[in-house]
Amino acid sequence: MINESAVNKHFKKVWRDGQILVENSDPGYLISDTILILRVSKDLKLFNDRALFPELPPENKCYTYSKLRGFQKDGPKIEELMKRFLKEDLAEIQATPWRYEDAVLMHNNEKYLFVNQRFLNLLNLVTNHIGYNNTKRTDSPIIYGNSKDVKKVFAVIMPLQIDFTREDYSKFPHIPELIEETKG
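Calculation criteria
- Residues numbered from 1 in each chain as written.
- Predicted model: local features only at pLDDT ≥ 70, side-chain atom pairs only at ≥ 80, totals over all residues.
- Heavy atoms only, no water.
- Buried < 20%, exposed > 50% of the residue type's maximum accessible area, 1.4 Å probe, protein only.
- Helix = DSSP H or I, 4+ residues; strand = E, 2+ residues; numbered from the N terminus.
- Pairing = 2+ DSSP bridges.
- Contact = heavy atoms within 4.5 Å.
- Core = buried A, V, L, I, M, F, W, Y, C linked by side-chain atoms within 4.5 Å.
- Phe/Tyr/Trp six-rings, centres within 6.5 Å; stacked < 30°, edge-to-face > 60°.

(A) Main features of the pairing of strand β2 (residues 29-32). Of the two faces of β2, the one carrying Tyr29 and Ile31 and the one carrying Leu30 and Ser32 are both buried. Summarising the sheet, strand β1 (residues 20-24) and β2 pair through four bridges and their orientation is antiparallel. The residue bridging Leu21 from the neighbouring strand is Ser32, located in β2. Bridging between β2 and strand β3 (residues 36-40) involves four bridges; their strand directions are antiparallel. Counted as the bridge partner of Leu30 is Arg39 from β3.

So, in structure tokens, the structure goes:
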């Protein structure tokens, strides 16, 4: 369900500029840059790079990796965070055709939010970007995979926080216009 070459490229950049969290969580590993969580195969070629990953965590452990901060044998429990997200009242949410730069409009009947297209590009979802989201919270992530079984979730993406008062976002249409555009 992931685009392996895009994932490798993304996390190499994250390692240089920030930090990566990796948790050994059967099946596979959970890898995160704190905005995105992906469930990946233990055979992911990225994990063969010993400069990035001097060692990988044992079962149910999370390690932190960073060029600037080095390698640490501790990190937050990613799967526990995902379980908390799955306990929320979730509804389907899907990507619309509307894009502006890297912002993709997501919607369901109750909620409209934006996600970063770069994160969607890490998934092998050609056009069917349907996920699950808590419609009551504005900062709720989009969950891809089974909304009830944490072991079948393959991606969690945090929404974009867009400041519509910024000059570079002046081309964004008003949300009511976007809603009408997506219905048509």
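(B) Highlighting the environment of Asn3. Along the chain, Asn3 falls in the segment before α1 (4-17). Spatially, the C-alpha atom of Asn3 lies 7.4 Å from that of Asn121, the residues being 118 residues apart in sequence. Aside from chain neighbours lying at most four places away, what touches Asn3 is Asn121, Leu122, Leu123 and Asn124.

(C) Summary view of the nonpolar core. If you look at the biggest cluster of nonpolar residues, it comprises 34 residues, and the most contacted ones within it are Phe11, Ile20, Ile31, Leu38, Phe53, Met106 and Tyr144. With residues up to four places along the chain from it excluded, the contact list for Phe11 reads Ile20, Ile31, Ser32, Asp33, Leu36, Leu38 and Leu46. Ranked by size, the runner-up nonpolar core spans 13 residues in total, among them Ile78, Phe85, Leu86 and Val156.

(D) The packing of aromatic side chains, seen in detail. Evaluation of the coordinates by the stated rule reveals six aromatic pairs. Summarising the aromatic geometry, the rings of Phe47 and Phe53 are spaced 5.2 Å apart at their centres and angled 75° between planes, so their arrangement reads as edge-to-face. Here the two residues Phe47 and Phe53 agree in accessibility, since each one is buried. For the ring pair Tyr144 and Phe154, a centre distance of 6.3 Å and an interplane angle of 35° mean the geometry is tilted. Linking Tyr144 in strand β10 (residues 142-145) with Phe154 in strand β11 (residues 153-157), this pair joins segments that are 10 residues apart in sequence.

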